[in-house]
Amino acid sequence: MPSPEKTNITRRKFLDLGIKGYAGAQLAQTVPITLISACAQIEQGGQTVHGVCYHDCPDSCSWTVTVRDGEVASFGPNDQNPFTGGSLCNKMEKFPLDVTYHPDRILTPLKRVGRKGAGEFEPISWNQALEEVSVKLKGLITAYGAESVLPFGYAGTQGLIQGSVMSNRFFARMGSSLLGATICGSTAVAGNTLVNGQTLGVLPEDILHSKYIVLWGTNTLHSNVHLWPLIQQSRRAGARLIVIDPFESATARASDWHIQPMPGTDVALALGIMYVIIKEKLHDTDYIEKHTLGFEELERHVAGYDPETVSQICDLPVSAIKAFAREYARGRPSLIRILVGMEHNRNGGDAFRAVSMLPSLTGAWREHGGGLMHMTYELAGQALNYERVNLHESMRKGESRTINMVELGKALTSAGTDPPVKALFVYNTNPVVTMPNQNLVRQGMEQEELLTVVLEHFITDTAKYADYIFPATTQLEHWDVVDSWGQTYINLNQPAIPARGESRPNSEFFRLLAEKMGYTEAAFREEDLEIAKSIFQTDHPYMEGVTFEYLRQHGWARYKVPEPWLPHREGNFGTTSGKCEFYNPGLAVQGVGPLPEYKKVPYSQTQIENFPLQLLTIKSTRWFLNSSHANVSRLQKAEGAPALDISRADAEQRGIADGDKIRVFNENGEMLVPARIGNRTRKGVVCLPQGFWPSLLEGGSSANALTNDWLADLGGGSALQDTRVEVEKS
Ligand SMILES: Nc1nc2c(c(=O)[nH]1)N[C@H]1C(S)=C(S)[C@@H](COP(=O)(O)OP(=O)(O)OC[C@H]3O[C@@H](n4cnc5c(=O)[nH]c(N)nc54)[C@H](O)[C@@H]3O)O[C@H]1N2
Ligand SMILES: Nc1nc2c(c(=O)[nH]1)N[C@H]1C(S)=C(S)[C@@H](COP(=O)(O)OP(=O)(O)OC[C@H]3O[C@@H](n4cnc5c(=O)[nH]c(N)nc54)[C@H](O)[C@@H]3O)O[C@H]1N2
Ligand code: SF4
Ligand SMILES: [Mo]
């Protein structure tokens, strides 16, 4: 079993604060013929190279590439991997054509010639561009200090090496500001961890043993596609599937019961369920006594969350709340699957906290396939040599401030940012599309005196604001190690083809810039291959028999975790008490209540009066991953244009007919989209898809033009779903 003190919860993604064009028609002319026929099966002949998908996705699929004459001859899933082997997802099945060989890919460094944001650039050599960046950087550091430099790197590649290892060393050596990398999972992780001390619970494969499956705020069919077949297998064996989601997602439509509360009210729902469970004595007193803390306080607390009160908050029938509580407590083994979906609001952290308590209340952890399934990154934290991954920690001298990525617009524009941000390095992310308050982000990035450097594959809407763009390699062209946050496998990614054009790995950019900056530490001379090897220098039992050489031959390995996996049958929680902590009085010092509670969102009077509809902006796209691929015409066509989901009642009240072009607006911005009337959202709630590039849409704005850059209650995450709008025919 995982031992809590060794659980290295330093996954950069969650807690490391260090941290156009339409081209489809031309595709056939620019891509090797072999590739056109190619993209699904492994052909005979050629060299076989193993790799792994780099996306910020819980699945981290293993793939195999056949290479002939330095070109990709075929590309497809690594059939040997039992979890992801069946297929890559629809987004990635033609990845070589869609990204690596895409005619719009940036293949030389570029220097801005037009105004910021215009996207006008001219080619420049690597050496000249690096020279110019280093000279400017040195000047800014002398004038404003190293903290005026903000690294803005995120999880566009999940690979450790191209994701963070070398960039972290570079910015630690410099003493730059730190980035609070909070946009995804921070709040969810904080909530669960407060209660259970860890996020690692039931493993994906063990869902086959579950009989009552609750997908609570997660759209598995789109966001976690390789878990879905296991859920279906479980259903065929008699499991019941419940989805709790304010939006009628594809997954909700495919479930046995869709419970549709108002957004941001899950904490009340979970506490209401506890009320019913305790009142009807469906809780597991023996488990509670042995393995939890604070049941009496919890019992007193939930007295304020009777089904009638909860019904008002969530706008759900009392009968549904009671029925769900009874079914959940009795349907054994019961599994709650959470991921990140319900975190982006001011009650998000407490929602994760409350939901994370439920399996201990009912003793669901006793059974194989019972409990809570959340993240798995702790497996890698224990199994791999994270001392090597985190080498940068020893390179930073002194303290540096942290700037929360959710507040990028504010940080760039506020007079209170001291020192001001004078240089911004963007890599593995597309903040103009994906961060809240898009117009403020753009306003910040438009500043002439801000030095902006972007490492990218394409001229994204963020890259348009760059002074210098450096062409990055894709996953087919560099080494990396991908440690999943959603399953139980470790993967080595080998380069299959030579880097196209003048593209270089992110790591190489930082090595070269370090040289120009005069950083002479040995850490900057370590090559990617050496780093990859060092990450596997471990004697942890999960990695028994799994060496670099093994992974070079096979690509993937499953961690050798104990079987059957019953992480909390005997308690053994990652908290300091070793118990599931329902009640935590020590939290007061952090400004957090000792128990999770529902709080009304403090909207201003103007927001309440002028903007009566709550806006959800979600990753409902099936063909894009966040904003990745949203510029690829094949995938754009498959996805279709964005639309605003609105209930019939709200549409009729405003004289809006299905398909009418409408303006969605509030104090932050506006977006022009057709209306889609139906049951996907409830009265009072409208929904837009996130991920579309504003520059490719009429009106030049996408969903995040409307979202607030408020923070969630825990973990520094975003409360972007706490946004109100009005809509009208445009
Ligand atoms: N196709 C596709 N797959 C993806 C992505 C993508 O963009 N496209 N993104 C990837 C990334 S970065 C991540 S983090 C994962 C995320 O995967 P998930 O954890 O599944 O999260 P989301 O897709 O953000 O949201 C899931 C559901 O949560 C619902 N939700 C929103 N607010 C609330 C609430 O207050 N309560 C409840 N109960 N539900 C709520 C939304 O309506 C949505 O249907 O998916 C990954 N996979
Ligand atoms: N309104 C709203 N906003 C959201 C969300 C939401 O649900 N609603 N979800 C949030 C979530 S969960 C997340 S995770 C974020 C994600 O937001 P981002 O982190 O911005 O993710 P992507 O949009 O996928 O952008 C990743 C970029 O990295 C680039 N990239 C990929 N590999 C490499 C590489 O090896 N090198 C370099 N240099 N670049 C590379 C890709 O080309 C792409 O442009 O969005 C968040 N924003
Ligand atoms: S995006 Fe996710 S599901 Fe698709 S291939 Fe990559 S890891 Fe697999
Ligand atoms: Mo995410």
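Residues numbered from 1 in each chain as written. Chains lettered and ligands numbered in written order. Predicted model: local features only at pLDDT ≥ 70, side-chain atom pairs only at ≥ 80, totals over all residues. Heavy atoms only, no water.

(A) Structural detail: the side chain of Glu205. Within the secondary structure layout, Glu205 lies in the loop between α6 (186-196) and β8 (212-216). Residue classification places Glu205 among the buried residues on the basis of a relative accessible area of 17%. Within the local environment of Glu205, its side chain forms a polar contact with the side chain of Thr488, the two groups lying 2.8 Å apart. Sequence-distant contacts of Glu205, defined by excluding residues within four places in its chain, comprise Leu230, Thr488, Tyr489 and Arg558. (Helix = DSSP H or I, 4+ residues; strand = E, 2+ residues; numbered from the N terminus. Buried < 20%, exposed > 50% of the residue type's maximum accessible area, 1.4 Å probe, protein only. Polar contact = N/O pair within 3.5 Å; in protein donor to acceptor, adjacent residues only side chain to side chain. Contact = heavy atoms within 4.5 Å.)

(B) Representation of the nonpolar core within the structure. Trp216 and Phe324 are the most contacted members of the largest nonpolar core, which has 69 residues in total. Once you skip the residues sitting within four places of it in the chain, Phe324 turns out to touch Tyr212, Val214, Trp216, Ile242, Ile244, Trp257, Ile259 and Ile273. Core analysis: the next-biggest nonpolar cluster, separate from the first, contains 60 residues, Ala383, Met395, Ala523 and Tyr559 among them. (Core = buried A, V, L, I, M, F, W, Y, C linked by side-chain atoms within 4.5 Å.)

(C) Highlighting unusual backbone geometry. Backbone torsion omega between Arg332 and Pro333 reads -15°, so that peptide bond is classified as cis. Here Pro333 shows up in the loop between α14 (318-330) and β12 (334-337). Cis geometry is adopted by the peptide bond preceding Pro419, which originates at Asp418 and carries an omega value of -5°. The topology assignment puts Pro419 in the loop between α18 (408-413) and β15 (423-427). With a phi angle near 55°, Asn437 is a residue other than glycine that sits in the positive phi range. Along the polypeptide, Asn437 turns up in the loop between α19 (431-434) and α20 (438-445).

(D) Expanded view of the sheet that holds strand β3 (residues 71-77). Taking strand neighbours across the sheet as the criterion, the 3 strands line up as β1-β2-β3 in an open arrangement whose pairing is antiparallel. Of all strands in the sheet, those bounded by a partner on one side alone are β1 (47-52) and β3. Strand-to-strand twist in this sheet, taken as the mean axis angle between neighbours without regard to direction, amounts to 25°. Two elements, β1 and strand β2 (residues 62-68), share 6 bridges in a ladder whose sense is antiparallel. Across the sheet, Thr48 pairs through a bridge with Thr66, a residue of β2. (Pairing = 2+ DSSP bridges. Axes fitted to C-alpha atoms, helices over the stretch in contact; angles between N-to-C directions.)

(E) Quick look at the site of ligand 3. Every residue lining ligand 3 is accounted for by Cys53, His55, Cys57, Asp59, Ser60, Cys61, Cys89, Lys91, Met92, Val225 and His226. Looking at side-chain class alone, the shell around ligand 3 contains 6 nonpolar, 3 polar and 2 charged residues. (Near = heavy atom within 4 Å. Nonpolar A, V, L, I, M, F, W, Y, C, P; charged D, E, K, R; others polar.)

(F) Here's a closer look at the sheet that holds strand β18 (residues 480-483). Sheet architecture is open: 3 strands sit in the order β18-β19-β20, paired in antiparallel fashion. The open sheet terminates on both sides in strands that have one partner only, identified here as β18 and β20 (556-558). Within the sheet, the average angular offset between the axes of one strand and its neighbour, ignoring direction, is 15°.

(G) Spotlight on the site of ligand 1. Around ligand 1 lies a shell of 31 residues, among which Asp245, Asp266, Lys619, Thr621 and Asn626 are the nearest. Between ligand 1 and Val340, the relevant distance is 3.0 Å, taken from an oxygen atom to a main-chain nitrogen or oxygen of the residue. Considered on its own, ligand 1 offers 900 Å² of accessible surface; in the complex 98% of this is hidden by protein. Those elements that place two or more of their residues in the shell around ligand 1 are α7 (220-223) and β22 (613-618). Split by residue class, the shell around ligand 1 holds 14 nonpolar, 11 polar and 6 charged. (Areas by Shrake-Rupley, 256 points an atom, 1.4 Å probe, with all protein chains shown as cover.)

(H) Quick peek at the packing of helix α10 (residues 266-279) against helix α15 (residues 348-362). Closest axis-to-axis distance for the α10/α15 pair is 8 Å, and the angle between their directions is 20°. The angle between α10 and α15 places the two elements in the roughly parallel class. α10 and α15 meet at a crossing whose hand is left-handed. Touching Asp266, Val267, Ala270, Leu271, Ile273, Met274, Ile277 and Ile278 of α10 are Asp350, Ala351, Ala354, Val355, Met357, Leu358, Leu361 and Thr362, all from α15. Of the residues that constitute the contact of α10 with α15, the class distribution is 13 nonpolar, 1 polar and 2 charged. (Parallel < 35°, antiparallel > 145°, perpendicular 65-115°, else oblique. Left-handed = near helix turned anticlockwise from the far one by under 90°.)

(I) Main features of helix α21 (residues 506-517). Counted at 1.5 Å a residue, the expected span for α21 with its 12 residues is 16 Å, and the 16 Å between its end C-alpha atoms agrees. Burial analysis of α21 places 9 of its 12 residues in the buried class, the great majority of the element. If you check which residues of α21 are buried, you get Asn506, Ser507, Phe509, Phe510, Arg511, Leu512, Leu513, Ala514 and Met517. Buried positions along α21 lie against α4 (126-144), α5 (160-174), β15, β16 (451-456), β17 (468-471) and α22 (528-535). A positive phi of about 85° marks Gly518, the residue just after α21. (Expected span 1.5 Å × (residues − 1).)

(J) View of the pairing of β15. By the criterion of burial, β15 is predominantly enclosed, with 5 of the 5 residues buried. Here strand β6 (residues 149-153) runs beside β15; their pairing, made up of 5 bridges, is parallel. Bridge pairing in β15 places Phe152 opposite Val426. As judged from the 5 bridges shared by β15 and β16, these two strands associate in the parallel manner.

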